[in-house]
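These are the residues of each chain, in order.
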Amino acid sequence: MKHSAGPPPGRRRPNLWHWLRPRSSRAFVLGICMAVGGLAGGVRSAVDGKGIWTAFGIFGVGVLGVVLTIAWIVTYTRER
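Predicted, not measured: the structure shown is a model, and the values here were computed from it.

So, how was this worked out
- Residues numbered from 1 in each chain as written.
- Predicted model: local features only at pLDDT ≥ 70, side-chain atom pairs only at ≥ 80, totals over all residues.
- Heavy atoms only, no water.
- Helix = DSSP H or I, 4+ residues; strand = E, 2+ residues; numbered from the N terminus.
- Buried < 20%, exposed > 50% of the residue type's maximum accessible area, 1.4 Å probe, protein only.
- Contact = heavy atoms within 4.5 Å.
- Areas by Shrake-Rupley, 256 points an atom, 1.4 Å probe, with all protein chains shown as cover.
- Expected span 1.5 Å × (residues − 1).

Looking only at helices and strands, the protein has three helices and zero strands in total. Along the protein, helices and strands appear, N-terminal first, in the series α-α-α. A burial count over the protein gives 18% of its 80 residues as buried. Taking the contacts inside the protein whose residues are at least 6 apart along the sequence as the reference set, 65% of them involve residues at least 24 apart. Put simply, the protein shows about 6,600 Å² of open surface, and 66% of that area lies on carbon and sulfur atoms.

The following block contains the structure:
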C-alpha cells in the first residue's frame, strides 16, 4: 500500500502562528535591538536629511522590533 504525501498520521503540521511565536530569549533580545536601533536610526536619518524613504525604511525596522518584542512578551505570559 502506498502512503500519501504529507505528515505521518496523527501528526499535523504546525499552523502559521506556531512559526510567528517567538519562544527563545534570543528573539526578545533581537526585538529590543531592532526596536532601539531602528527607531533611533530612523529619527537620526530624518534629522540628517537622508531621504524620506530611507528614514521610513529604518523606522520600519524599529516598528518590527517593537512588534517582535511585544509578541515575545505575550507568548511568555501565556506559557507561564
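Below, the discussion takes up helix 2 (residues 25-48). When the terminal C-alpha atoms of helix 2 are compared, their 34 Å separation across 24 residues agrees well with the 34 Å that a helix rising 1.5 Å per residue should span. On the buried face of helix 2, the contacting elements are helix 3 (52-79). Downstream of helix 2 by a residue or two, Gly49 has a phi angle that is positive, lying close to 75°.

None of this, on its own, says anything about what the molecule does.
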